[in-house]
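Architecture and fold: a report
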Amino acid sequence: MRLEAGRTGRRRSPGRGARRQPGRSALARSLALGLLIALGATQSTAALRSRDAAGAPVPVGQAQDPLPDLIVEAGETRVLTGTHRFDEVIVRAGGRLVAGDYAGRPPDGGEPGGRLELLARRIEVEALGRISADGAGYRGLPESKGEGPGGGEGGITSWITSVDETPRHPTSSGAGGGYGGRGGDGVQDGKRGAWKGGATYGESVAPQLGSGGGAAPQSHHEARSLAGGDGGGLLVLRAEELVVDGLLSSDGEEGESGEFDAGGGGSGGGLLVEVGRIALRGQISARGGRGGRASNVGGSGGGGRIELTWSAGDLAPGEILTLPGNGPCPDPDELSPRACAGTLKLHDLRPRRIYLPMLTRLACIGPNRKAIALVMDVSGSMAEPTRTGRPAIAAAVEAAGGFLDRLTFEDRVALVAFDSSARLVAPLTADLDLLRDRLAALSTASGSRLDAGLDAGRKALEAARPGERRILVMLTDGRPSQVEAASVRQVADAVRAAGVRLYAIGIGAEVDASLLAEITGDPSRVFVESDAEELSALYHAIAMREGCPTP
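What this report covers is the structure whose coordinates are included nearby. (Residues numbered from 1 in each chain as written. Predicted model: local features only at pLDDT ≥ 70, side-chain atom pairs only at ≥ 80, totals over all residues. Heavy atoms only, no water.)

**Observations concerning the pattern of salt bridges**
Put simply, the rule is: Salt-bridge detection follows one rule: a side-chain nitrogen of Lys or Arg within 4 Å of a carboxyl oxygen of Asp or Glu. Note on exposure labels: buried denotes an accessible area under 20% of the residue type's maximum, exposed denotes more than 50%, and partly exposed covers the range between, all computed with a 1.4 Å probe on protein chains only. Here a strand is any run of E in DSSP of at least two residues, a helix any run of H or I of at least four, and the numbering for each starts at the N terminus.
For the structure on display, the rule yields 35 salt bridges. With a shortest N-O distance of 2.5 Å, Arg-115 and Glu-117 are connected by a salt bridge. A relative accessible area of 2% places Glu-117 in the buried class. For Asp-405, the salt bridge identified is with Arg-436, shortest N-O distance 2.3 Å. One end of the pair, Asp-405, is in helix α4 (residues 392–405); the other, Arg-436, is in helix α5 (residues 432–440), with 31 residues separating them in the sequence. Taking the relative accessible area as the measure of exposure, Asp-405 reaches 27% and is therefore partly exposed.

**Quick notes on helix α7 (residues 485–497)**
Applicable threshold: The span one expects for a helix is its residue count, reduced by one, times 1.5 Å. The arc under discussion is defined with respect to the helix axis, by the directions toward the C-beta atoms.
Its 13 residues place the ends of α7 18 Å apart at the C-alpha level, agreeing with the 18 Å of an ideal helix rising 1.5 Å per residue. For α7, the complete set of buried residues consists of Val-488, Val-491, Ala-492 and Val-495. The buried residues of α7 occupy an angular sector of 100 degrees when the element is viewed end-on, so they sit on one face. Away from its buried face, by an angle of more than 90 degrees, α7 presents the exposed residues Gln-490 and Ala-497.

**Some details on the packing of α7 against helix α8 (residues 513–520)**
Convention followed: What counts as an axis is a line fitted to C-alpha atoms, over the stretch in contact for a helix, and the angles between N-to-C directions run from 0 to 180 degrees. Should an angle fall under 35 degrees it is taken as roughly parallel, and over 145 as roughly antiparallel, whereas 65 to 115 is taken as roughly perpendicular and any remaining angle as oblique. What makes two residues a contact is simply this: any of their non-hydrogen atoms within 4.5 Å. Any residue that is not Ala, Val, Leu, Ile, Met, Phe, Trp, Tyr, Cys, Pro, Asp, Glu, Lys or Arg is counted as polar, Gly included; the first ten are nonpolar and the last four charged.
Packing of α7 against α8 brings their axes to within 8 Å, and their N-to-C directions diverge by 30 degrees. By the angle class used here, α7 and α8 are roughly parallel. From α7, Ala-485, Val-488, Arg-489, Ala-492 and Arg-496 reach across to α8, where they touch Leu-515, Glu-518, Ile-519 and Thr-520. Partitioned by chemical class, the residues of the contact of α7 with α8 number five nonpolar, one polar and three charged.

**Observations concerning helix α6 (residues 450–460)**
α6 sits mainly inside the fold: eight of its 11 residues count as buried. Those residues of α6 lying buried are Leu-450, Asp-451, Ala-452, Gly-453, Leu-454, Ala-456, Gly-457 and Ala-460.

**Some remarks on the sheet that holds strand β13 (residues 247–249)**
The line we're drawing: When DSSP finds two or more bridges between two strands, those strands count as paired.
Strand order in the open sheet made by the six strands is β3-β5-β7-β13-β15-β17, with parallel pairing throughout. Strand pairing shows two members of the sheet lacking a second neighbour, β3 (77–80) and β17 (319–321), which therefore form its edges. Adjacent strand axes in the sheet meet at a mean angle of 10 degrees when their direction is disregarded. Here strand β15 (residues 283–285) runs beside β17; their pairing, made up of three bridges, is parallel. Of the residues in β17, the one forming a bridge with Gln-283 is Glu-319.

**Description of the environment of Arg-479**
Relative to the helices and strands, Arg-479 is located in the loop between β22 (469–476) and α7. Residue Arg-479 is classed as partly exposed on the basis of its relative accessible area of 47%. Considered as a pair, Arg-479 and Glu-510 are 31 residues apart in the sequence and their alpha carbons are 6.3 Å apart.

**Some details on the sheet that holds strand β23 (residues 501–507)**
The six strands are arranged β21-β20-β19-β22-β23-β24 in an open sheet whose pairing can be described as mixed. Single-partner strands in this sheet number two, and they are β21 (422–429) and β24 (526–529). Here the average twist between neighbouring strands, direction ignored, is 15 degrees. As defined by bridge partners, strand β20 (residues 412–418) adjoins β21 across five bridges and the pair is classed as antiparallel. Following the sheet pairing, Phe-418 is matched in β21 by Ala-422.

**A closer look at the packing of aromatic side chains**
Heads up, the rule is: Between the rings of Phe, Tyr and Trp (Trp by its six-membered ring), a pair exists once the centres lie within 6.5 Å; its type follows the angle of the planes, with under 30 degrees stacked, over 60 edge-to-face, and the other angles tilted. For a lysine, the NZ atom is tested; for an arginine, the CZ atom; a charge sits over a ring if that atom is within 6 Å of the ring centre and within 35 degrees of the ring normal.
Using the criterion set out here, one finds four aromatic pairs in the structure. Measuring from centroid to centroid gives 5.7 Å for Phe-403 and Tyr-539, while their planes differ by 55 degrees, and the two rings are tilted. With a gap of 136 residues between them, Phe-403 in helix α4 and Tyr-539 in helix α9 (residues 535–545) connect regions that are remote in the sequence. Of the two residues, Phe-403 and Tyr-539, neither departs from the other in class, the shared state being buried. The ring of Tyr-179 is capped by Arg-305, whose NZ or CZ atom sits 5.3 Å from the centre of that ring.

Everything listed is a geometric property; what it means functionally is a separate question.
Shown next as structure tokens:
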């Protein structure tokens, strides 16, 4: 992630209208945003209401009727495209406000989709709520390179002749889309760089749509061309007040996967946020999509671009992510399916600028390497259905994969599974694709030896390097079986004595929360929910807790 906090002037971005002139000073922007707070609710609403079709201000005296509210309830998905004005926008927990997909430039010059702009007095996204433009940007199409200025290469049929003179198509995968960071290269017959990843663009203008990944051509291995992932769309939020406990996202999509070939991931999209007061306790994300995973790996999408301007409030303890689908960024002359992170521009217009505390909430100052053991309960009860009907183990695997996405490139993770015994599924590694594959292969069996799982996690962390913080996260859906609770406590004591920080996640009605508190040695490191579908939020909470070392 690249931080650029000093640039305040912009050129017009395509199709966005004359919003402001280039070179406008930071002081002028501070005064303009400060007026939103000083004018009060009624006058500020009128000011936001009074904009022309391009979003430019017009005299307040020409304001129209009072604006309506937009409330997206739990379980509801609302799709909007283009520019919309409201007095208040609230997305409840479990609700989704989604940008309509980009569908190409209409012949009549109408709205192509992929972009959602909200102008409001106040915008609030509750925990587990979301405003997103995920995969709403330039498209990844079959038999084609990705759409957009940074579309990944792919989709080109290049027949070769085998030894017996039989024409055939080489096994190949598409490249990732680029935007804020360049996309990863595709792979052909095990050789990297068959298709080039998409380039970066738009650095000097406001955020735009992300680009699509390239397709894997139809070959003798696949029945059809595997499309690349769509790029993230564009979210624009302008408000007097913004409260984010949930998620604002414009992530790229993963490329399609076959048995041998795969499409490239779409790049992250764009987010432009200009507000008076902000309270960010959730997440803002413009991540690239991973390349499809097959014998040949598709190139990952590059990160998108986020630009955030605020004049009051605080970002802590929220997260702002412009990560690639799979990194770290390779050397400029290296051919690799890995992609590069996007860009983040922060314009802090508060009267008193204190940069260091703000930055420590977004990036760690000093070493932050972690060795983490994920200890997963795969007892027979983990095959029981969640409230959505899928097995609890499937929800656990998905949540653990999301936890991996929130780690840094310096972190290493080991995977341990336990039922009537414990086994090391993956030693400490930074290879996230390997870990995801091992997670996906987990299966359930009888027994629940918590003590064996904890001990195997402790042994896995013995391979930690000097300077790595050792963390063990144990998931269980019930009480220990085939072992006394006293033995579990004894093993947990040994884990903590070895300098390992212990977290426990419990799901279901059979969990012994008091035993988990004894295991961790700290009740604040115990997270309990009734249903496995809530695991993603619990893993997210732990990732937030361990984002930077505690002084």
